[in-house]
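# Chains, contacts and geometry: an overview
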Amino acid sequence: MIDGTNQYLAYRGNSGASVNLEMDFDQFFPIPAKGIFRPFHMDTYLFADAGILQSNSSFIADLQNTGKAFTTPLMASSGLGTALTIKRWGKLDDIKPLSIRFDMPMYLSNAPYVDGDNFKFRWMMGISRAF
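Our focus in this paragraph is the layout of surface pockets. In this structure, the second largest pocket occupies an estimated 230 Å³ of space. Taken together, 16 residues make up the lining of the second largest pocket; nearest its centre are Phe47, Asp49, Arg101, Asp103 and Met124. When residues of the lining of the second largest pocket are assigned to their parent elements, the largest contribution, four residues, is made by strand S6 (residues 124-127). Partitioned by chemical class, the residues of the lining of the second largest pocket number seven nonpolar, four polar and five charged.

In this sheet, strand S4 (residues 75-86) lies alongside strand S2 (residues 40-55) in antiparallel orientation, the contact comprising twelve bridges. Counted as the bridge partner of Met42 is Leu84 from S4. As paired strands, S4 and strand S5 (residues 98-108) are joined by ten bridges and run antiparallel to one another. Looking at S5, one finds that Ala83 is bridged to Arg101.

Glancing now at a nonpolar patch on the surface. Taken together, Ile100, Met106, Phe121, Trp123 and Met125 make up a surface patch of nonpolar side chains, about 540 Å² in accessible area. Inspection of the secondary structure puts Phe121 in the loop between S5 and S6.

Attention now goes to the packing of aromatic side chains. In this structure the tally under the stated criterion is three aromatic pairs. Residues Tyr107 and Phe119 carry aromatic rings whose centres are separated by 4.9 Å and whose planes lie at 45 degrees to one another, so their mutual orientation is tilted. Within this pair, whereas Tyr107 is found in strand S5, its partner Phe119 is found in the loop between S5 and S6, the two being separated by twelve residues in sequence. Take Tyr107: its relative accessible area is 26%, and that puts it in the partly exposed class. The exposed category is assigned to Phe119, whose relative accessible area is 58%.

The rules behind each value
Residues numbered from 1 in each chain as written. Predicted model: local features only at pLDDT ≥ 70, side-chain atom pairs only at ≥ 80, totals over all residues. Heavy atoms only, no water. 1 Å grid on protein atoms, 1.4 Å probe; cavity = no way out; pocket = protein on both sides within 12 Å on 5 of 7 lines; lining within 4 Å. Points joined across faces, edges and corners; volume = space filled by probe spheres on them. Helix = DSSP H or I, 4+ residues; strand = E, 2+ residues; numbered from the N terminus. Nonpolar A, V, L, I, M, F, W, Y, C, P; charged D, E, K, R; others polar. Pairing = 2+ DSSP bridges. Patch = residues over 30% accessible without salt bridge, like charges linked within 9 Å, V, L, I, M, F, W, Y side chains within 5 Å. Areas by Shrake-Rupley, 256 points an atom, 1.4 Å probe, with all protein chains shown as cover. Salt bridge = Lys/Arg side-chain N within 4 Å of Asp/Glu carboxyl O. Phe/Tyr/Trp six-rings, centres within 6.5 Å; stacked < 30°, edge-to-face > 60°. Buried < 20%, exposed > 50% of the residue type's maximum accessible area, 1.4 Å probe, protein only.

Purely geometric numbers; function is a separate question.
Pasting the structure below:
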C-alpha cells in the first residue's frame, strides 16, 4: 500500500485467501518408466496462483496512523512448471516420495519496481507440491 510518500509491504499476516490452479500436460511428453527411470516420475504443468493477505499488525497500523487492518492488493502469477518425483528409494522404501519443482512464472501482477515488466522469464526451485 502506498500513501503518497511511504510504501508498506506485508509478507505475513493474520488472515488471507489464495487459489492455486495446475493443469498437467505430461501425457503429451511421456517418459518411459523403464530401467533407471523406474523410481522417477516427471510432471509438466501450467499454473496460475492468486492471493491476498491481511495483517492486523500494530506496527503497520502505527505506520499508517489509521489503527485499521492492512490488506494487500490481489497478487497473481502464472507460468510453466515441472516436477521430478522420486517414488522409490531402493532399500529405504519407508521414505515418502520427494518432489523437486522447477517453476517458471512468466507473469507477475506485482513485479518488482527494478524489473519494470510483468511479463519476463523468471524461475524458482522448490521442494514438494501444493497438493
